[in-house]
Every structure is written in C-alpha cells, then in structure tokens.
Amino acid sequence: MKGEQDRRRLLEPYIEMLSFWGESIEDYLFILDVKEQQIYFASCIWEKYSLPFEGISFNIEELLSIVDIRDRKRVELNFKDIEMGEKDQLTLEYRMVDRTGKSSWVYFVGKCVSYENEKPSIIVGSISENAVSKRIDQLTGLRNQTVLEKSFLEIFEKKKSGYFLIFGIDDFKNVNDKYGRNYGNEQLKRLAEIIEQNIGYEGQIYRLDGDKFGVNLIGYGIESVKAFYNIVKVAFSVQTDCAVSAGAVRYPDDAKEYHRLYQYAEDALKHAKRHGKNRLFFFSIDEYKEHLFFIDLREELFESIKNSFEGFHIYYQPVVRNEDGILVKAEALMRWKSKQYGEIGPEVFIPILEQTGMILDAGKWILEKAMQQCYIWRKIIPYFRMNINLSYIQLKDKKILDIIFHALDKTQLPGEAIILEVTESIQLQDYSYFNLLFYQLSKRGVEVSIDDFGTGYSSLGYLKELSVDEIKIDKCFVRQIQNGEYNFRLIKNMIELAHSVNIRVCVEGVETVEERFVLKELFPDVIQGYYFGRPESPDQFEKKFLERAKQGKPIVDDSKRKIHIENKKLLEKNKQNYKRLLDELDEIIYVCDTKTHELYYINKIGKKLTGAYEYTGKKCYEIFQSGTEPCKDCKDTNSANGMFCVKIRKKENTDICFLIREKTILWNEKPARLGVATDILEENVSKNFLEKEK
Ligand code: C2E
Ligand code: CA
Ligand code: CA
C-alpha cells in the first residue's frame, strides 16, 4: 500500500503537467509507468480508440490491443526492451485501429525521465496522428519514401544488415491503359497486401512512385530473399494474373548510404525488367561499374565522332599468299583511344557503336580512310588490296551502295581493290536482299568475304545460297591444328567445299609455325595471323611488310623457321596418320625426288611387292627396276605439268603389269614425283593401249 502511494507521489508532477499540456495539444500525451506497466493519457484517447474503459490509465496489454495486428509484435518487442532496461527512449511508427475498424499510422515518441536501479522507471511522450499523415500513401495506407529514408538512417547507424528490394508490377502502364486506373489501383493494393502478409514483423514495406514498393528485409540472407520473392510472385500472379519483378541490394555490403542503396535497387529492378520481367535480380557492384563504364564510353564515342573522329585511327594487318607467304592485302581494323580510359579494344567499342547506330558514321569514315591508304599502297604494290569490315547495321542501310561507291570515286580506287568483310550471322539469311546487294557491288568489281566463317548459323549452307567471293575461316578452328584431328578435318573440308564452288579461302588467326606448316598443305588461298604480323599503324605496316613485298620477299621466311624437335614430332604424328591411311590402299604409292631420284616414301603394299622395307637413302630405279642408273621413267618430265600422266609397265620376267599414274608435287618444299601404281594382269590390258604407249 505504501509502495503504491510512493509511486503515485512520484508520478503526480508529471500527470499534472500532462493535463496542463494535454488540453492545448492535439497529440495524445502520455506517461508510461514502466515498472507497473501502466500508461496514463492526458486526453480522451478512448473516444476514438477502442480502449476497454474510460479512464486515464491502461495497462500495456490494453494499449497493444489497439495496435494493428501487423505491427503489434514489433511494438510489443520495443516495449519489452524498455521494460528490460535495454532502451530508455522510443520512436516508433505503427498503425492503430480506431473504433470504426480503420487502421491509421501514428508516430509514438517517448523518453525516460526517471530511472530506478539504472532502469527506466518513467517515460514521458506522445502519440501523434498528424505527424505521420504527410508520410502516408493514401491509396495503400503504407508509409512513403520519406519514412523509408529515415528508417535507413537508423539501420545504417545501428549497423544492421539485410536486403532492400524494390518491387515493380510488370507492364503496369498497359494494365492501367487497358483496364482503367481503378483496376490498376486494385492491383497495387493486392501487391501491398501480399507483401505485408509475408514480410514478418521485422520487415518493412513502403509505397514508392507509381507501381513500385520498397521492401526492407532486415537480417535476411540471399536464399530467404529469393524464397520471399517467389512467394510474392506466385501469390500475385495467382490472384491478379499480373507479373511482378524486383531488384535487390545487399546492405551494408553493396551500399552504406540510403541514396546509393535506392539507386542500386532501382537499377537492379530495371535490369530484371530488361531481362525478361517476372524475375528477381540481385544488384552486383561489378556489373554496375561496368554499366557506368559503358555509359561513359558511349558519351565519349559520341563526342569523338562529333569532333571529326578524334581518337579514332586504323591499324592494318597483313594477309599473305599461302604458297609463298608474300603480302597481297591488308585488313583494316578500327582502333579508338578514349580520353578517360586509354586504348579501348574494338570488341568493346564496336558493339556500342552498333547499338547506338554510330557505326554508320564510323563505318563510312573507315571506308574512306582505308581506301585512301590502299590507293597510296597500290602505287608501291599495284596488286595490293584492302579488306574492310562492314557491320550488319551498315549492310541494312539503304544508302550503303551510294556510300561505298562515293568513297571509291572520292579516292579514285578501282572496285577490284577492295573486299568487304561481312560477319556470318543469322541476319545474313535474307539471301535475296544480300545477293542483290552483292551483285551490285560485283558490277563495280567490289568483292565480298564472309568473316568468322564456321562460327555462325548453318555455315556451309551459306556457300550454296550466297554469292560471295571469299570466306575467312575463323581463328578458333586454327588453334592447335597440328594436334587435333577434328579441327584439321573441319578446315580441310571447308577449304575443299569452298574451292569446289570457286570461292577463295582465307584462314585467319595463324599464330604458330606449326599451324602455318600444317595449313600450307591444305592449300587455302591466303592466310592472316600473328605469325605473319599483327595489326600495325600505317608507318609500321610500310616498314615491316610493304618493303619486303616490294622486293618480292615473303614477310616471314619459313625456310629459316626451324620447327622445334617436340613440335616436329607432332607434325610427324600427323604424317603418320596419312601413312596409315595410305598403307590401307591396294595401290602402290610412292614419292621420289625428281632430280636425285631418292625414294622418299613408299606405302605398305609397295614395300611388300618390292621387298624395299629399308628404302631410306635408296634411289627409285634401284627399288623398282633393280637398276644402277636412272631409267627412262626417271627422266620423264611429262608429270611436271601438274596433271597425272599415265603409263603401263610390265615387271620383267613376270606376268605382273602396272598401270602407273605420276605427277610432280612439292614434298618438303622440293619437287618430287608422286606415283600411284595399280597392279593389273597383263591379259587384262588392252593390246591397243600397249601399242599406243609404245
Ligand atoms: P575480325 O574482323 O574477325 O578481325 C580479326 C581480329 O582478329 C582482329 O582483332 C585481329 O587483331 C585479330 N587477329 C588477327 N590475327 C590474329 C591471331 O593470329 N591471333 C589472334 N588471337 N587474333 C588475331 P581486333 O582488331 O581486335 O578486332 C576485333 C573485331 O572488331 C574484328 O574481328 C571485327 O569484328 C571488329 N572490327 C574491327 N574493326 C572494325 C571495323 O572497322 N568495322 C567493323 N564493323 N568491325 C570492326
Ligand atoms: Ca574481319
Ligand atoms: Ca574474323
């Protein structure tokens, strides 16, 4: 009893002050007796809110009963913190339900004015309805962005972690346009409800602009965020038939400041929408930086082009003839130096030029510049030609023919001097359009080459459908061609196929001596790659490559390039494969030097029939004729014209008769006689043929 009186005495001055102020203030002023868990109000809060009896004091449980169920747990926990002495002041926003059942936000603020045993004993404060009204969204009853910003101040200060999400209804504008604003509003309310139902008492939801909601998931990990999003997504699509996307940012790891956090979440949402909608996208700081980098580049490229292509220049890479390595043309490759970032690779800036349409101007620029250069170099090497890349965007430009022909006129270059490279892509399948375009180019002598051949869509089909002059087999097929059967066969087939329909072949990306040697035997027309030379500035190109061509010398003297022993073994391995194949034939295959008559090679059946198992260093006439001097066939030069010459020879003192076909080929860089001898019985040979031969 005494304790109760003491307590009353302690509270008295505050209650007096309360009643004085309470009359002049709209807010509900209160005193919270922490120890007794009683709350005293100065004004008639019970008139509006359903408190159990009209009096001035209620216990905390009673106060909690008018707190909206969605916020009750959070409020309760905060009161508990005060009771346990873990907090001595409170600022809370929560909803209270009035006597009509309407739920409205209030702002609760309280501060400790008296302690007992170092714990709060009396808290004085107010509950305000007006303080929050400006911060509440009328449609959904949710708090708005101003509250969100404030709440994050506290979150960062308290070093809490979690995820911030922005939800956006997909195609909301269409929903509004198609079904009207009321319908759209209903969707917004549904989404808000679904999020709230699943958010948990620690989660917070805010209405942002338009169709967006901010959701703060304090303490969540990535998997819980995904699960949360999926629940909302499914529920929303079931209930409304609409889709919702979200962008999520992890704090404080990815952002330690509200405005940045918000911007990142918006960016992640945009990303989710751009990549198919109806999905959640997690913000990544690396991707974001990359994104900013691209925006910078785009702006700078635009400025560069405006300022007469400032920073743009062209490098030229040599292309050589396969058979002798002599320079025949160059590929013009665009380069660009950014003021901010330095030299930028074409694989980075060309796609930006393409996406923005700036490639039309840049493409026109390189056409003219490269033609001018070609004109100059043709004065030194009259047959010199220039390969120039054309983007698909340029090809589709209605004015492309005019642009090309105008550039030719302006530079006085004949059409034959240029070859336009177009990248193999699915778009090229509009055969009739492109064939007409290529036909018009061909009328002026301009040739067309299919770049990166083999990497695109149904490559081989192209050769049948598109009338082009050259293919450039992509570098990915060249890599390690001396080791892999697969690429070797692929390139071989591509070359044979192209040649069978009269299309020239360039193999690009030749880097090593091994690749060069293996390719040489497959007879592409021209080759290009670092082995011969990297793209160079015009000055360097002249010094390094043009000078040698002027003297009729190959760019790289292959004969001086000795293959390392281990690589030689690899090449040998490849040869072994051929030999194994030749050993399977019934015909005798042999190769001998046209001058020294040394036998270089004979296959298995040849060895068997002649007994020449050890033929190294022996002459062909010793093996085939058992002679000591070159025979009539050894001196026969009929096989030197590149065609097979045919003859029939009978082996002395036997019935064995051979049909022999011989031709001169290059064997290890030397002229050699390739022979194919078929064993035919004498009686099968027509008398006439024998007569004719004589
Ligand atoms: P691309 O047309 O396939 O050009 C060949 C690319 O391969 C060049 O790269 C060249 O430097 C590189 N290359 C040449 N030989 C070798 C080699 O032995 N090994 C390796 N690994 N690479 C080699 P670059 O200059 O970086 O050009 C890249 C791409 O940018 C070009 O590929 C082309 O698609 C595009 N590009 C360059 N200039 C232009 C242009 O003026 N217009 C258009 N539309 N695209 C261009
Ligand atoms: Ca090219
Ligand atoms: Ca290429």
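Before reading further, recall that the structure is shown in the block above.
On a predicted model such as this, the values are computed, not experimentally measured, just so you know. (Residues numbered from 1 in each chain as written. Chains lettered and ligands numbered in written order. Predicted model: local features only at pLDDT ≥ 70, side-chain atom pairs only at ≥ 80, totals over all residues. Heavy atoms only, no water.)

A short note on the overall build of the protein
(1) Moving on: When you go through the protein residue by residue, the secondary structure sums to 25 helices and 25 strands.
(2) Moving on: By the compact-globule yardstick of 26 Å for 694 residues, the protein is too spread out, its C-alpha radius of gyration being 43 Å.
(3) Moving on: Seen through its C-alpha atoms, the protein measures out along the principal axes to roughly 145 × 60 × 50 Å.
(4) Moving on: Considering the protein as a whole, with its 694 residues, one finds that 46% of them fall into the buried category. (Helix = DSSP H or I, 4+ residues; strand = E, 2+ residues; numbered from the N terminus. Rg over C-alpha atoms; globule rule 2.2 N^0.38 Å. Buried < 20%, exposed > 50% of the residue type's maximum accessible area, 1.4 Å probe, protein only.)

Some details on the coordination of the calcium ion (ligand 3)
(1) Moving on: Summarising the metal site, the calcium ion (ligand 3) is bound by the protein donors Asp 451 (OD), Asp 452 (OD), Glu 508 (OE) and Glu 508 (OE), whose distances to it range over 2.1 to 3.0 Å.
(2) Moving on: For the calcium ion (ligand 3), the donor residues sit on a single chain with the sequence spacing D-D-x55-E.
(3) Moving on: A separation of 4.1 Å is found between the calcium ion (ligand 3) and the calcium ion (ligand 2), which share Asp 451 as a coordinating residue. You can see Asp 452 sitting in strand β17 (residues 447-453) and its partner Glu 508 sitting in strand β19 (residues 504-508), a full 56 residues away along the chain.
(4) Moving on: On the accessibility criterion, Glu 508 (7% relative accessible area) is buried. (Donors = N, O, S within 2.8 Å, 3.2 Å for Na, K, Ca; no water.)

Regarding the site of ligand 1
(1) Moving on: The immediate surroundings of ligand 1 are formed by 22 residues, with Arg 335, Asp 451, Lys 475, Glu 511 and Tyr 530 found nearest.
(2) Moving on: Glu 511 places a side-chain nitrogen or oxygen 2.5 Å from a nitrogen atom of ligand 1.
(3) Moving on: Expressed as a share of its isolated accessible area of 800 Å², the protein-covered part of ligand 1 is 85%.
(4) Moving on: When residues of the shell around ligand 1 are traced back to their parent elements, those giving at least two are β13 (327-338), α12 (346-356) and β17.
(5) Moving on: For the shell around ligand 1, the element with the highest residue contribution is β13, accounting for four residues.
(6) Moving on: In terms of residue class, the shell around ligand 1 is built from eight nonpolar, five polar and nine charged. (Near = heavy atom within 4 Å. Polar contact = N/O pair within 3.5 Å; in protein donor to acceptor, adjacent residues only side chain to side chain. Areas by Shrake-Rupley, 256 points an atom, 1.4 Å probe, with all protein chains shown as cover. Nonpolar A, V, L, I, M, F, W, Y, C, P; charged D, E, K, R; others polar.)

Points about the environment of Ser 308
(1) Moving on: Relative to the helices and strands, Ser 308 resides in the loop between α11 (285-306) and β12 (312-321).
(2) Moving on: Note: C-alpha distance between Ser 308 and Val 109 (199 residues apart in sequence) is 64 Å.

Structural notes on the packing of helix α10 (residues 258-274) against α11
(1) Moving on: Contact pair α10 / α11: the axes reach a minimum separation of 12 Å and the direction vectors enclose 85 degrees. It follows that α10 is roughly perpendicular to α11 by the angle criterion. On the side of α10, the interface is formed by Gln 263, Tyr 264, Asp 267 and His 271, while α11 contributes Ile 285, Glu 287, Tyr 288 and His 291. (Axes fitted to C-alpha atoms, helices over the stretch in contact; angles between N-to-C directions. Parallel < 35°, antiparallel > 145°, perpendicular 65-115°, else oblique. Contact = heavy atoms within 4.5 Å.)

Looking at the nonpolar core
(1) Moving on: The biggest cluster of nonpolar side chains holds 85 residues, and the ones touching the most others in it are Phe 312, Leu 353, Phe 384, Met 386, Ile 404 and Ile 418.
(2) Moving on: Every residue in contact with Phe 384, bar those within four places of it in the chain, is listed here: Leu 327, Val 328, Lys 329, Ala 330, Cys 374, Trp 377, Arg 378, Ala 417, Phe 541 and Leu 546.
(3) Moving on: Membership of the second largest hydrophobic core comes to 28 residues, among which are Leu 32, Phe 79, Met 96 and Ile 127. (Core = buried A, V, L, I, M, F, W, Y, C linked by side-chain atoms within 4.5 Å.)

Observations concerning unusual backbone geometry
(1) Moving on: Cis geometry is found at the peptide bond from Tyr 251 to Pro 252, where omega equals 0 degrees.
(2) Moving on: Residue placement: Pro 252 occurs in the loop between β10 (244-251) and α10.
(3) Moving on: Phi at Ser 308 is positive, roughly 50 degrees, even though this residue is not glycine.
(4) Moving on: Relative accessible area serves as the criterion here: at 64%, Ser 308 is assigned to the exposed category.

Re the coordination of the calcium ion (ligand 2)
(1) Moving on: The calcium ion (ligand 2) binds to the protein through Glu 331 (OE), Asn 389 (OD1), Glu 421 (OE) and Asp 451 (OD); the donor distances cover 2.1 to 2.3 Å.
(2) Moving on: Sequence spacing of the donor residues for the calcium ion (ligand 2), all on one chain, is E-x57-N-x31-E-x29-D.

Some points on the pattern of salt bridges
Pairing is possible between side chains of opposite charge, provided their charged atoms come close.
(1) Moving on: For the structure shown, the criterion picks out 44 salt bridges.
(2) Moving on: Glu 186 is paired through a salt bridge with Lys 189; the nearest N and O atoms lie 3.7 Å apart. Of the two residues, Glu 186 and Lys 189 are both situated in helix α8 (residues 181-198); the distance of three residues between them amounts to about one turn of the helix.
(3) Moving on: Look at Glu 186 and you get partly exposed, because its relative accessible area is 41%.
(4) Moving on: Among the ionic pairs, Glu 331 bridges to Lys 472, the shortest N-O distance being 2.8 Å. (Salt bridge = Lys/Arg side-chain N within 4 Å of Asp/Glu carboxyl O.)

Examining the side chain of Asn 435
(1) Moving on: Inspection of the secondary structure puts Asn 435 in helix α16 (residues 431-443).
(2) Moving on: Those residues within four positions of Asn 435 in sequence are excluded, and the remaining contacts are Glu 465, Leu 466 and Ser 467.

Notes on the sheet that holds strand β22 (residues 599-602)
(1) Moving on: Strand order in this open sheet of five strands is β22-β21-β25-β24-β23, and the pairing throughout is antiparallel. Because the sheet does not close on itself, it has two edges, and the strands there are β22 and β23 (645-650). Taken over all neighbouring pairs, the strand axes of this sheet differ in orientation by 25 degrees on average, direction set aside. (Pairing = 2+ DSSP bridges.)

Describing α8
(1) Moving on: Taking 1.5 Å per residue as the helical rise, α8 with its 18 residues ought to reach 26 Å, and the 26 Å between its terminal C-alpha atoms agrees with that figure.
(2) Moving on: When we look at burial in α8, the residues that qualify are Gly 184, Gln 187, Leu 188, Leu 191, Ala 192, Ile 194, Ile 195 and Glu 196.
(3) Moving on: A positive phi of about 80 degrees marks Gly 200, the residue just after α8. (Expected span 1.5 Å × (residues − 1).)

As for the packing of aromatic side chains
Aromatic rings in a pair are described by how distant their centres are and how their planes are angled relative to each other.
(1) Moving on: Summed over the entire model, instances satisfying the criterion amount to 40 aromatic pairs.
(2) Moving on: Note on Phe 152 and Phe 156: the rings are 5.5 Å apart at their centroids and 35 degrees apart in plane angle, and the pair reads as tilted. Residue Phe 152 and its partner Phe 156 are located together in helix α6 (residues 145-157), separated by four residues, close to a single helical turn.
(3) Moving on: On the numbers, 6.1 Å between centres and 75 degrees between planes, the contact of Phe 384 with Phe 541 is edge-to-face. Pair noted here: Phe 384 is in the loop between α13 (359-380) and β15 (385-390) and Phe 541 is in helix α20 (residues 538-550), with a separation of 157 residues, a long-range link. Here the two residues Phe 384 and Phe 541 agree in accessibility, since each one is buried. (Phe/Tyr/Trp six-rings, centres within 6.5 Å; stacked < 30°, edge-to-face > 60°.)

Comments concerning helix α7 (residues 172-179)
(1) Moving on: Those residues of α7 that sit buried are Phe 172, Val 175 and Asn 176. The buried residues of α7 occupy one face: seen down the axis, they fall within an arc of 95 degrees. The exposed set on the far side of α7, more than 90 degrees from its buried face, consists of Lys 173, Asp 177 and Lys 178.
(2) Moving on: Those residues of α7 hidden inside the fold are in contact with β7 (162-169) and α8. (Arc of directions from axis to C-beta.)

Re the sheet that holds strand β8 (residues 204-207)
(1) Moving on: With respect to topology, five strands assemble into an open sheet ordered β8-β9-β7-β10-β11, the strand pairing being mixed. Among the strands making up the open sheet, the edge pair consists of β8 and β11 (280-282). Along the sheet, successive strands turn relative to each other by an average axial angle of 20 degrees, direction set aside.
(2) Moving on: Strand direction decides the pairing type here: β7 and β10, joined by eight bridges, are antiparallel. Residue pairing across strands places Phe 164 opposite Val 249, the latter belonging to β10.
(3) Moving on: Sheet strands touched by α6: β7, β8, β9 (212-218) and β10. Its angle to β8, the strand with the most contacts, is close to 145 degrees.
(4) Moving on: Sitting on the sheet, helix α9 (residues 222-240) touches β7, β9, β10 and β11, and the angle it makes with β7 is about 20 degrees.

Section: empty space enclosed by the protein
(1) Moving on: According to the stated counting rule, one finds one cavity of 30 Å³ or more in the structure shown.
(2) Moving on: Mapped onto the lining of the largest cavity, the elements with two or more residues apiece are α13 and α15 (400-411).
(3) Moving on: Here the element with the most residues in the lining of the largest cavity is α13; it accounts for three residues.
(4) Moving on: The residue inventory of the lining of the largest cavity, partitioned by class, reads three nonpolar, two polar and two charged. (1 Å grid on protein atoms, 1.4 Å probe; cavity = no way out; pocket = protein on both sides within 12 Å on 5 of 7 lines; lining within 4 Å. Points joined across faces, edges and corners; volume = space filled by probe spheres on them.)

Worth remembering: the numbers are spatial, not functional.
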